[in-house]
Amino acid sequence: MKNTYFTPGPAELYPSFYQHLQKAMDEQIGSISHRSQRFQDIYKFADDQLRTLLNIPDTHGIFFTGSASEVWERVLLNCVEHESFHLVNGSFSQKFYDYANALHKHTNVLEKPFGEGFDAADIEVPEYAELVCLTHNETSSGVQMRPAEMHKLKRKYPKKLFCVDTVSSSPYPDLDFGLIDSAFFSVQKAFGMPAGLGVWIANQSCLEKAEYLQQNDTLTIGAHHTLPVLWKHYKTYETPATPNVLYIYLLGKIAEDFNRTGIDTIRRQTEEKGRMLYKFLDASDAYEPFVKQDRHRSQTVIVATTKQPSADVITAAKTANMVVGSGYGKFKESQIRIANFPAVSTEQIASLIDQLKK
Ligand SMILES: *Cc1c(COP(=O)(O)O)cnc(C)c1O
């Protein structure tokens, strides 16, 4: 019997993935030139589908990278001359901040303990910060920052660039790209694909900043995948380096499937499944939701503290062919993480709850 993966990335593959992969093989996508019209059509198709799905306006380009963590470095190199500002409340937001330090940016940080979240009212962005680095869904602790709070913050600081890590939640968060300058994700989380592709969304303000920094001899925006070079190629739906053509093709197909279902339906189903899980955890004697504030509870990665060692829960689920994630870092042995991505159905979540009850 096959497993169902409730792990927060790599995760359960979207059901139509196999069919799209088979078709891609039949069409010999792995061998086509990335300088061909066929590739330009594939890029354009993925671009169109993602634009529709995430409501991305023409002010923003959509670029492909190796992974999401590559985008941490790209956005810091291309959009920060001196100072960045980070909200840190877990391991992934911490890594974004670590990258900024490693690139010798002057970093500003507002930290909260693991399991706690941010609201706009808590936050004062330092005067000289050029880029505000936010994490929509902190995968390590199961905390979300609501888009409305991000939008509120940007309205308070309209001149600063805002970049949002949506790696373990996109397409769930409804970001207003009239306000958000940049966002990014990887395909192995909520898009239900194997790992191997990052997607970077960035607007003209980010491009202008990169072009401005490029004129400065005392600083570098890097050599690989700079925003000006990505953008120049993007105009003809091309890429500077040989890209993961197969995955760009598959991402376009998955995004098309999501659009067929409709983003509103996907968001509603995510919330329904999330409600089922939190309701069960709240009522259970064996588990407790880790995140206390309802508004900070992630809809896509649900974290529970387990009364018994989490390894026992994970092993029991495994014998029923359900793979649940362990806690992150120091919570490895006391927590479980459950991904609530579009690839898992309401029925599968219900079966998982039945299993966790045992
Ligand atoms: C997984 C994850 C990343 C890193 O993505 P990679 O594909 O491993 O580069 C970054 N941020 C968050 C919130 C994540 O969950």
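Looking at an unreviewed UniProt entry, one finds the protein chain named phosphoserine transaminase, with Spirosoma validum as its source organism. Quoted verbatim from the Cofactor (unreviewed entry) field of the UniProt record, the comment on the protein chain reads "pyridoxal 5'-phosphate". Taken from UniProt, the Pathway (unreviewed entry) comment for the protein chain reads in full: "Amino-acid biosynthesis; L-serine biosynthesis; L-serine from 3-phospho-D-glycerate: step 2/3."

Enquirer: Explain the pattern of salt bridges to me, using residue names and the numbers behind them.
Expert: For the coordinates displayed, the defined rule picks out 17 salt bridges. Residues Asp 181 and Lys 154 are paired through a salt bridge, measuring 2.8 Å at the closest nitrogen-oxygen approach. With Asp 181 in the loop between strand S8 (161–165) and strand S9 (182–186) and Lys 154 in helix H5 (residues 147–156), this residue pair connects regions lying 27 residues apart in the sequence. Neither Asp 181 nor Lys 154 differs from the other in exposure class; each is buried.

Enquirer: Could you give an account of the nonpolar core, naming the residues involved and the relevant values?
Expert: The biggest cluster of nonpolar side chains holds 79 residues, and the ones touching the most others in it are Phe 63, Leu 131, Phe 184, Trp 200, Leu 227 and Leu 251. Formed jointly, this core draws a minimum of three residues from each of two domains, domain 1 (4–11 + 262–357) and domain 2 (17–260). Those residues in contact with Leu 251 that lie beyond four places of it in its chain are Leu 50, Phe 64, Val 187, Phe 191, Met 193, Leu 197 and Val 199. The next biggest cluster of nonpolar side chains, apart from the first, holds 19 residues, and it includes Leu 277, Ile 302, Ile 338 and Ile 353.

Enquirer: Break down the packing of helix H6 (residues 204–214) against helix H7 (residues 227–234) for me, citing the residues and quoting the values.
Expert: Look at H6 against H7: their axes get within 9 Å of each other, and the N-to-C directions meet at 125°. Here H7 runs oblique to H6, going by the angle between their axes. Contacts between H6 and H7 pair Gln 204, Cys 206, Leu 207, Ala 210, Glu 211 and Gln 214 from the former with Leu 227, Pro 228 and Trp 231 from the latter. In terms of residue class, the contact of H6 with H7 is built from 6 nonpolar, 2 polar and 1 charged.

Enquirer: For the pairing of strand S12 (residues 301–306), give the residues involved together with the corresponding values.
Expert: Most of S12 sits out of view: 5 of its 6 residues are buried. For strand S11 (residues 287–289) and S12, the ladder comprises 3 bridges, and the chain directions are antiparallel. Across the sheet, Tyr 287 pairs through a bridge with Thr 306, a residue of S12. Pairing analysis gives 5 bridges linking S12 to strand S14 (residues 335–339), with the strands arranged antiparallel. From the neighbouring strand, Val 303 faces S14, where its bridge partner is Arg 337.

Enquirer: Describe helix H9 (residues 263–283), listing the residues and the values that go with them.
Expert: Taking 1.5 Å as the rise per residue, H9 with 21 residues should run 30 Å; its terminal C-alpha atoms sit 30 Å apart, in good agreement. Every buried residue of H9 is accounted for by Ile 263, Thr 265, Ile 266, Arg 267, Thr 270, Lys 273, Gly 274, Leu 277, Tyr 278, Phe 280 and Leu 281. Contacts from the buried residues of H9 go to helix H2 (37–54), helix H8 (245–261), S11, S12, S14 and helix H11 (346–357).

Enquirer: Any details on the sheet that holds strand S5 (residues 131–135)? Residues and values, ideally.
Expert: Pairing is mixed in the open sheet, where 7 strands are placed in the order S2-S10-S9-S8-S5-S3-S4. Of all the strands in the sheet, just strand S2 (60–65) and strand S4 (106–111) have a single pairing partner and so form its edges. Direction aside, the axes of adjacent strands within the sheet are offset by 20° on average. Across 6 bridges, strand S3 (residues 83–88) lies against S4 in parallel orientation. The partner of His 86 across the bridge, within S4, is Val 109. Strands in contact with H7 are S2 and strand S10 (198–203); relative to S2, the strand with the most contacts, it is inclined by about 105°.

Enquirer: Which residues make up the side chain of His 34, and what values do they have?
Expert: Mapping His 34 onto the fold places it in the loop between helix H1 (17–26) and H2. Taking the relative accessible area as the measure of exposure, His 34 reaches 17% and is therefore buried. Ignoring any residue separated from it by four or fewer positions in sequence, one finds His 34 in contact with Phe 39, Glu 238, Thr 239, Ala 241, Thr 242, Pro 243 and Val 245.

Rules used in this analysis
- Residues numbered from 1 in each chain as written.
- Predicted model: local features only at pLDDT ≥ 70, side-chain atom pairs only at ≥ 80, totals over all residues.
- Heavy atoms only, no water.
- UniProt positions renumbered as here; feature names shortened; annotations may be inferred.
- Salt bridge = Lys/Arg side-chain N within 4 Å of Asp/Glu carboxyl O.
- Helix = DSSP H or I, 4+ residues; strand = E, 2+ residues; numbered from the N terminus.
- Buried < 20%, exposed > 50% of the residue type's maximum accessible area, 1.4 Å probe, protein only.
- Core = buried A, V, L, I, M, F, W, Y, C linked by side-chain atoms within 4.5 Å.
- Domains from an automatic or database assignment.
- Contact = heavy atoms within 4.5 Å.
- Axes fitted to C-alpha atoms, helices over the stretch in contact; angles between N-to-C directions.
- Parallel < 35°, antiparallel > 145°, perpendicular 65-115°, else oblique.
- Nonpolar A, V, L, I, M, F, W, Y, C, P; charged D, E, K, R; others polar.
- Pairing = 2+ DSSP bridges.
- Expected span 1.5 Å × (residues − 1).

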